[in-house]
Amino acid sequence: MPSQKNLYFLGAGGNASVVASTINDINLISKEWNVAGFFDDRPTCVFNEFFHCGSISVDTIAPYLEDPLNYFYWSLMSVKIGKDLLPKLLALNIPINRFATIIHPTAVISSTAKIGFGVSIHPFVSIGPDVSIGDHIHYFAQSFVGHGANIGSFSYLANNVSVGARVQLKEGSYVGTNAAIRENVSVGPWSIIGMGSVVLNHVSPGTTVIGVPAKPFNK
């Protein structure tokens, strides 16, 4: 029987709590993961009953890399954060294969889909054939990704999202709750699709779109 793997969260908060819940469900079937602790720059931060290992820095994380059974999960992703913390993640120099991919037992994923590292896939997600999924991506409950879609690294799909066939979600795309994207549409890097929006046309890089049909939104 393979040894149980240790998981350390990089950042506590809402995303981390959802991933921890999915890990609990996985462990009910097979004791795959042991959540051994978390790193967070807030010294008084509390995350469930997990051990606070220190700040998110090269010096504090480096000793944990020495054990090959230690894996990490970057949870500091949201529409508010965007790409602001990306340099912090890259500066840690953690090998990409040491980031855990967490898949809920109820998720349905085609055998021809390709999934990267540091991905979390939550309850009742459906991912079709020939889908390509990058690294560090959140798929929240009941989201759907059609065949041939390409989901760029650091993207975020909230619950009940529907992504049509052959859609191209570029790096850092954020898709809000209940949004739908028509097939063959391209969404530019670090763009935001507002909750409940219906995207019928290509979205330019760094653009926020909202509405039915979705149109650019200027704050």
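Not measured: the values here are computed from a predicted model.

Draft legend 1. Quick look at the nonpolar core. By size, the foremost hydrophobic cluster in this structure holds 28 residues, and its most contacted members are Y139 and V163. Among the nonpolar cores identified, the runner-up in size contains 21 residues, and I61, F72, L92 and F154 belong to it.

Draft legend 2. A look at unusual backbone geometry. Omega for the bond connecting V212 with P213 falls within 30 degrees of zero, at -5°, which places this linkage in the cis form. Mapped onto the fold, P213 is located in the loop between β22 (208-210) and β23 (215-216). Its identity is not glycine, yet R166 carries a phi of approximately 60°, on the positive side. Examined against the element boundaries, R166 turns out to sit in the loop between β15 (162-163) and β16 (168-169). Assessed through its relative accessible area of 39%, R166 is described here as partly exposed.

Draft legend 3. Broad picture of the environment of P43. The topology assignment puts P43 in the loop between β2 (33-39) and β3 (52-54). Linking P43 and G14, residues 29 residues apart in sequence, is a C-alpha distance of 18 Å.

Draft legend 4. The pattern of salt bridges, seen in detail. In total, this model carries three salt bridges according to the counting rule given. Among the ionic pairs, E32 bridges to K5, the shortest N-O distance being 3.4 Å. Linking E32 in the loop between α1 (14-29) and β2 with K5 in strand β1 (residues 5-10), this pair joins segments that are 27 residues apart in sequence. Close ionic contact of D40 with R42 constitutes a salt bridge, the shortest N to O distance being 2.8 Å. Residue D40 is classed as buried on the basis of its relative accessible area of 5%. Owing to a relative accessible area of 45%, R42 belongs among the partly exposed residues under this scheme.

Draft legend 5. Inspection of the side chain of S120 at higher detail. Following the sequence through the fold, S120 ends up in strand β8 (residues 120-121). With a relative accessible area of 0%, S120 lands in the buried category. A distance of 3.1 Å separates polar atoms of two side chains, one belonging to S120 and the other to H138. Setting aside chain neighbours within four positions, we find S120 in contact with V19, Y73, I102, I137, H138 and Y139.

Draft legend 6. Representation of the sheet that holds β1. Spatially, the four strands line up as an open sheet ordered β3-β2-β1-β4, and their pairing is parallel. Bordering the open sheet on either side are β3 and β4 (70-74), each of which pairs with just one other strand. Taken over all neighbouring pairs, the strand axes of this sheet differ in orientation by 35° on average, direction set aside. Both β1 and β4 contribute to a ladder of five bridges, which runs parallel.

Draft legend 7. Examining the packing of aromatic side chains more closely. Tallying each qualifying case throughout the model produces 12 aromatic pairs. Relative to F72, the ring of Y8 lies with its centre 6.0 Å away and its plane at 35°, an arrangement referred to as tilted. In this pair, Y8 sits in strand β1 while F72 sits in strand β4, placing the two residues 64 residues apart along the sequence. Given the relative accessible area of 9%, Y8 is considered buried. Between F39 and Y64, the ring centres sit 5.1 Å apart and the planes meet at 85°, which makes this aromatic pair edge-to-face. With a gap of 25 residues between them, F39 in strand β2 and Y64 in the loop between α2 (58-61) and β4 connect regions that are remote in the sequence. For F39, a relative accessible area of 0% puts it in the buried group. One aromatic cluster in this structure is built from F9, F38, F47, F50 and Y73. The positively charged end of K5 is found above the aromatic ring belonging to Y71, 5.7 Å away from the centroid.

Reading the values: rules and limits
Residues numbered from 1 in each chain as written. Predicted model: local features only at pLDDT ≥ 70, side-chain atom pairs only at ≥ 80, totals over all residues. Heavy atoms only, no water. Core = buried A, V, L, I, M, F, W, Y, C linked by side-chain atoms within 4.5 Å. Buried < 20%, exposed > 50% of the residue type's maximum accessible area, 1.4 Å probe, protein only. Helix = DSSP H or I, 4+ residues; strand = E, 2+ residues; numbered from the N terminus. Salt bridge = Lys/Arg side-chain N within 4 Å of Asp/Glu carboxyl O. Polar contact = N/O pair within 3.5 Å; in protein donor to acceptor, adjacent residues only side chain to side chain. Contact = heavy atoms within 4.5 Å. Pairing = 2+ DSSP bridges. Axes fitted to C-alpha atoms, helices over the stretch in contact; angles between N-to-C directions. Phe/Tyr/Trp six-rings, centres within 6.5 Å; stacked < 30°, edge-to-face > 60°. Lys NZ or Arg CZ within 6 Å of the ring centre and 35° of its normal.

By themselves, these figures tell us nothing about what the structure is for.
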